[in-house]
Amino acid sequence: MKQLVHKLYARGELSKVELVDLLEHMDVETRNELFRLARLRREQAYGDKVYLRGLIEFSSYCRRNCLYCGLRAGNREAERYRLSPEEILECCREGYELGFRTFVLQSGEDPWYTADLLASLIRDIKGEFPDAAITLSIGEREADTYRLLYEAGADRFLMRHETASRRLYQELHPSMSFDHRRQCLETLQSIGYQVGAGFMVGLPGQTAEDLAEDLIYLLALNPDMIGIGPFIPHDKTPLAQAKAGSLEDTLVMVALARLFLPEALIPATTALGTLHPQGRELALKAGANVVMPNLSPVAVRKKYALYNNKICTGDESAQCRHCLELRIEAAGFSVDMGRGDSLKALASR
Ligand code: 5AD
Ligand code: SF4
Ligand code: FES
């Protein structure tokens, strides 16, 4: 199996058959070799730098019903909140003081925030912090809205494709369209956003073939950013009894994503940190190069519950920022508080 890893390192891709073979026969030795080469690739592209993004979870309302997610509309027990534009700006001010130059504005799909409201919020943030990048993570909207928000100053957009398996996507996303989500990602790219896609690992019913398809899809889309995290069950969802994705499988997918897309920005996700106390550090050592500490007000943090036992819900933004810096340095990397644009975006300037 090691030969396949070396072939991937040399060529930057594998066929679907080879990927499935590799995933189904991954032994410890092969895995460690994969992690080593992924870390090397990341070093060639981005050195030992880890980029920090300030995450602001501004609304826990969602009109969707994704089977895995604690914020799904069908979860009547979820406590919902919305931050006002002024409260969101206040989070940005605190984040800017702490050194952040990227703000990620994330929410469920919440139409309360109209296109005009979001555009004016983005203009306000950019007016106050012209040297900061704004990343949106607000789900599916009209192309016109995406355009308006880009013109207002948004730089980047995160929207995971969740899974590249049509069958699995349809099972997990009642009344959502597999094709429409992919169209949204392409629209976002054509408007000029730096785009992030990504998927969950260990979804119930997910096969090695499905995971191979995730990588093949990413290679074709060529996104600037790739979010990969383990599925973790949430008590108040239809998947409450399902098994979580494993640490090892998720790290393997992070490493493979790095070798398929050497220039991508890949976060060590909070879900990985939830699965294992060293999950994020291990992801950095397997090719990830971004961390997204929480800037949301502590009073609302526990309410943004996508899955059980989410970490960092009790800590002030400053504590989280400090804690991460220590962790990143202890793991042998250095923190970069710059905007941290993707190499792809910088090359096309
Ligand atoms: N476990 C892990 N990740 C989840 N997400 C949503 N619910 C869960 C869960 N139960 C992820 C989705 C979404 C991102 C914001 O969080 O991939 O795109
Ligand atoms: Fe809503 Fe996103 Fe959760 Fe789906 S994953 S229910 S769209 S917050
Ligand atoms: Fe949030 Fe350690 S990273 S408290």
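The paragraphs below set out a description of the structure included in this document.

About the criteria used
- Residues numbered from 1 in each chain as written.
- Chains lettered and ligands numbered in written order.
- Predicted model: local features only at pLDDT ≥ 70, side-chain atom pairs only at ≥ 80, totals over all residues.
- Heavy atoms only, no water.
- Near = heavy atom within 4 Å.
- Nonpolar A, V, L, I, M, F, W, Y, C, P; charged D, E, K, R; others polar.
- Phe/Tyr/Trp six-rings, centres within 6.5 Å; stacked < 30°, edge-to-face > 60°.
- Helix = DSSP H or I, 4+ residues; strand = E, 2+ residues; numbered from the N terminus.
- Buried < 20%, exposed > 50% of the residue type's maximum accessible area, 1.4 Å probe, protein only.
- Pairing = 2+ DSSP bridges.
- Axes fitted to C-alpha atoms, helices over the stretch in contact; angles between N-to-C directions.
- Contact = heavy atoms within 4.5 Å.

**What about the site of ligand 2?**
Okay, so step 1: With respect to spatial proximity, the complete set of residues near ligand 2 consists of Cys62, Arg64, Cys66, Tyr68, Cys69, Arg72 and Gly108.
Okay, so step 2: Here the shell around ligand 2 is built from residues that sort into four nonpolar, one polar and two charged.

**Some points on the packing of aromatic side chains**
Okay, so step 1: Enumeration according to the criterion identifies nine aromatic pairs in this entry.
Okay, so step 2: Plain terms: the ring middles of Tyr96 and Phe129 are 4.6 Å apart, the flat faces sit at 25° to each other, and that makes the pair stacked. In this pair, Tyr96 sits in helix 4 (residues 85-97) while Phe129 sits in the loop between helix 5 (115-128) and strand 4 (133-137), placing the two residues 33 residues apart along the sequence.
Okay, so step 3: By relative accessible area, which is 21% here, Tyr96 ends up partly exposed.
Okay, so step 4: Assessed through its relative accessible area of 7%, Phe129 is described here as buried.
Okay, so step 5: Feature note: the residues Tyr146, Tyr150, Phe157 and Tyr193 constitute an aromatic cluster, connected by ring pairs.

**Thoughts on the sheet that holds strand 5 (residues 156-158)**
Okay, so step 1: The strand order 2-3-4-5-6-7 describes an open sheet built from six strands, whose pairing is parallel. Unpaired on one side and paired on the other, strand 2 (54-59) and strand 7 (225-230) mark the two borders of the sheet. Sheet twist, expressed as the mean angle between neighbouring strand axes with direction ignored, is 20°.
Okay, so step 2: Of the pairings in the sheet, the one linking strand 4 to strand 5 comprises two bridges and is parallel in character. From the neighbouring strand, Thr135 faces strand 5, where its bridge partner is Arg156.
Okay, so step 3: Of the strands in this sheet, strand 2, strand 3 (102-107) and strand 4 touch helix 5, which is tilted by about 155° from strand 4.
Okay, so step 4: Where helix 8 (residues 178-191) meets the sheet, its contacts fall on strand 5 and strand 6 (194-201), and the angle it forms with strand 6 comes to roughly 155°.

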